[in-house]
Amino acid sequence: MSEDLDILVLGAGPNGLTCGAYLARAGARVAVLERNVESGGGLTTQELSGFALNSHAIYMLLAELMPPYHDLDLRSYGVSFVRPEAQAAFLFGSESMVLYSDPERSAASVAALSPGDASVFRELYEDFRRASDEMIIPATYFPPVEPLDQIELLAEAGDVGRWLNELAEMTPREVIHGYGFSDERVEAALVYLASMFGLDPDGGGMGFLMPVYVYRLMQSALVAGGSHQMASGLRRALEASGGRVITAAEVREVVLDGGRVRGVRLDDASVLSAQTVVSTLNPEQNFLQLVEPDALPASLVEAARAWEWDEASLFVANWGVVGDPPRYEGRSSEVDKALNVVMGVESVEDVIAHFEAARSGEMPDGSVGHMSCPSLFDPLAAARHLPQYGNCEVLRFECLAPYEADWAQSKRELAEKAFEAWRRHAPNLAKANVRVSLPWSPKDIEDHLPSMRRGAIKHGAYTSIQMGYNRPSSDCSSYRTPLEGFYVAGASTHPGGMVLLGAGYNAAHAIAEDLGLPIWWGVPEMVRTAVEKGYLPDTMP
Ligand SMILES: Cc1cc2nc3c(=O)[nH]c(=O)nc-3n(C[C@H](O)[C@H](O)[C@H](O)COP(=O)(O)OP(=O)(O)OC[C@H]3O[C@@H](n4cnc5c(N)ncnc54)[C@H](O)[C@@H]3O)c2cc1C
């Protein structure tokens, strides 16, 4: 196989498709190579007997705030978001609390649980919103800044900057605890939100991520029609500019000649030639498997060998059921309307115990986790058009889980236990109503997406030495690697995992600059403002 291509992007997940779409529109001849038969990576929606089930990413934290949404005109390619007003409900004994996208409604719910904590909640929300909107979200769409320079900029950028520097010395749990909520359940709810994607509540130096996780999990959205719609939209944007996705193309090797990239070799031994290769795979794949370590500086090989995987993965179960959506017994109808309903958490210690159990390899029992009925907000998810179902819904349970376990044996058992635990809160759900069920374990995640080794949904742990400028190594913090023509752009680079599209976006900028391609997209307004306020440098690193 020989193709006249300029750029090969490895991996058609959210970052690979984003990077490819920007570069194709800049005029490069781009092919995105994907080992699976369908593009999407973490943006997977599996259709089972008419039910659209999201086995990977579902909650879009930044949604319309992501610059690629506008630059690539994803709306015109069928990508739209649904944002439920009630975002997260917490079941505490016989009481509950609901957090809404409207902070005043959230404060009222906090007040109903613990009157003295409403004003504390308002203060926290405003701090988190401001830090996220002014600095953390803009920095997502800007290359990482060298740590000492970033600290210096923040120190001089006023109160928010100085506060962010303080958070960078704290654990997520300490950040919430510092607000002094009088009712520990409120604190537990906020720590749960921060840790539900595997962030260690006691992770040293990870406190700076708290504002964005907590604030955006009160503003999260679903992709209408299922998460894969976003992958389809990105792919259409890529193809509209002449780029292509080649599926069932597993990349085995980056072909080098004279110390520079010449293309890639696929699983079937065929070679695709291009002078630029951009990988969205993980550091082990990039620097220990695809490229001969001899071709790389020892420091980079060492960083890949020392790479730490996420300590906790996720277990997800989806069901297609006939009948009504869950009705939570003895609770306000507001709980029924929430996007996520969290069960099994009464204290911060419960959240820590859930995380620790996953970290230490203990199998969850299904009693702690969050439950969702996506079809309440996105009717396209359920198979209501099929006459055999009529009234039907999609249900989804998610919890932290260990990678090491006999998942082939235990994933169905865990799904059943979780369904039973859910039924204890919502007795209108009945096992007899289940028409399809899709338990999805950390091992399934890895088998489907080898980039997520050990079920690492962010391609690697968030620790202070694996974030920002050091993600995956200071040798390639600008998305350029020491190997001429080889770039990195996946979740193991800044800003990290989740469907933010930031890594693909930032890498496209670096590559366009190096190849002399037109940078046809403008600097996002929020980034311009962050630069003006001094949070970010006025020249790209
Ligand atoms: C269960 C689960 C739930 C999640 N929930 C959320 C959520 O609610 N919200 C959120 O924002 N994020 C969520 N995430 C995280 C999010 O999906 C990822 O962080 C994101 O997909 C990373 O994007 P990426 O493009 O960097 O990598 P990936 O999505 O991993 O894409 C990489 C692609 O490379 C392909 N590939 C791997 N090896 C090769 C090879 N050798 N050759 C060719 N192709 C290859 C893979 O098949 C894959 O398609 C979740 C993830 C999981 C697994």
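Definitions and limits used
- Residues numbered from 1 in each chain as written.
- Predicted model: local features only at pLDDT ≥ 70, side-chain atom pairs only at ≥ 80, totals over all residues.
- Heavy atoms only, no water.
- Helix = DSSP H or I, 4+ residues; strand = E, 2+ residues; numbered from the N terminus.
- Expected span 1.5 Å × (residues − 1).
- Buried < 20%, exposed > 50% of the residue type's maximum accessible area, 1.4 Å probe, protein only.
- Contact = heavy atoms within 4.5 Å.
- Pairing = 2+ DSSP bridges.
- Right-handed = clockwise from strand over helix to strand, strands pointing away.
- Domains from an automatic or database assignment.
- Buried area = accessible area lost by both parts, 1.4 Å probe.
- Axes fitted to C-alpha atoms, helices over the stretch in contact; angles between N-to-C directions.
- Salt bridge = Lys/Arg side-chain N within 4 Å of Asp/Glu carboxyl O.
- 1 Å grid on protein atoms, 1.4 Å probe; cavity = no way out; pocket = protein on both sides within 12 Å on 5 of 7 lines; lining within 4 Å.
- Points joined across faces, edges and corners; volume = space filled by probe spheres on them.
- Nonpolar A, V, L, I, M, F, W, Y, C, P; charged D, E, K, R; others polar.

Undergrad: Looking at this model, I keep getting lost on helix α15 (residues 407-425). Mind explaining?
TA: Residue pairs spaced three or four apart in an α-helix point in one direction, given the helix's 3.6 residues per turn. Between its terminal C-alpha atoms α15 stretches 26 Å, which fits the 27 Å expected from 19 residues at 1.5 Å a residue. Here α15 has its buried residues at W407, S410, K411, L414, A415, A418, F419, A421 and W422. Buried positions along α15 lie against β14 (313-322), β15 (340-343), β16 (369-372), β17 (392-401), β18 (434-440) and α16 (442-448).

Undergrad: Mind showing me how you'd approach the pairing of strand β1 (residues 7-10) here?
TA: For a regular strand, side chains alternate in direction, first toward one face of the sheet and then toward the other. The side-chain alternation of β1 yields two buried faces, one formed by I7 and V9 and the other by L8 and L10. Pairing geometry for β1 and strand β13 (residues 276-279), over four bridges, is parallel. Bridge assignment links L10 to a residue of β13, and that residue is S279. Across four bridges, the pairing between β1 and strand β2 (residues 30-33) is parallel. From the neighbouring strand, I7 faces β2, where its bridge partner is V30. In this view, the connection linking β1 to its parallel neighbour β2 by way of helix α1 (residues 14-25) has right-handed handedness.

Undergrad: I tried to follow the domain arrangement of the chain on my own but got confused; where do I start?
TA: Often, the extent of an interface is quoted as the loss of accessible area upon association of its parts. Looking at the chain, the domain boundaries give domain 1 (7-44 + 59-78 + 224-308 + 456-532) and domain 2 (113-219). Between the C-alpha centres of domain 1 and domain 2 the distance comes to 28 Å. Across the boundary between the two partners, domain 1 contributes 30 residues, which contact 24 residues of domain 2. Counting each side, the surface lost to burial between domain 1 and domain 2 is near 2200 Å², with a carbon and sulfur contribution of 74%. Per-residue buried area on domain 1 facing domain 2 is highest for L61, Y462 and Y469; these three make up 25% of the total on that side. Of all the secondary-structure elements, those providing two or more residues to the side of domain 1 that touches domain 2 are α2 (67-71), α17 (502-515) and α18 (525-532). Among the elements that make up the side of domain 1 that touches domain 2, the one with the highest residue count is α18 (four residues).

Undergrad: Please explain the sheet that holds strand β6 (residues 86-92) as it appears in this structure.
TA: As a general point, the strands of a sheet are linked pairwise by backbone hydrogen bonds and lie either parallel or antiparallel. Taking strand neighbours across the sheet as the criterion, the seven strands line up as β7-β6-β15-β16-β17-β14-β18 in an open arrangement whose pairing is mixed. Of all the strands in the sheet, just β7 (95-100) and β18 have a single pairing partner and so form its edges. The average undirected angle you get between the axes of adjacent strands in this sheet is 20°. Two strands pair when backbone bridges link them, and β14 and β17 are joined in this way by 10 bridges, in the antiparallel orientation. In the strand pairing of β17, A317 is matched with F397.

Undergrad: When you look at the pattern of salt bridges in this model, what are you seeing that I'm missing?
TA: If the charged atoms of two oppositely charged side chains come close together, the side chains can form a pair. According to the stated counting rule, one finds 40 salt bridges in the structure shown. When the shortest N-O distance is used, the salt bridge between E484 and R260 registers 3.6 Å. One end of the pair, E484, is in the loop between α16 and β19 (486-488); the other, R260, is in strand β11 (residues 260-266), and 224 residues separate them in sequence. Using a relative accessible area of 16% as the deciding quantity, one classes R260 as buried. Between K337 and E334 there is a salt bridge, with its nearest N and O atoms 2.9 Å apart.

Undergrad: Hey, could you run me through the layout of surface pockets in this one?
TA: Where empty space is left in the structure can be found by rolling a water-sized probe over the atoms. When its volume is computed, the largest pocket comes out at roughly 910 Å³. Lining the largest pocket we find 36 residues, and of these Q150, F208, M467, G468 and H494 sit closest to its centre. Counting residues per element, the ones that place at least two in the lining of the largest pocket are α4 (118-140), α5 (147-156), α6 (159-167) and α9 (210-216). Of the residues in the lining of the largest pocket, the class split is 26 nonpolar, eight polar and two charged.

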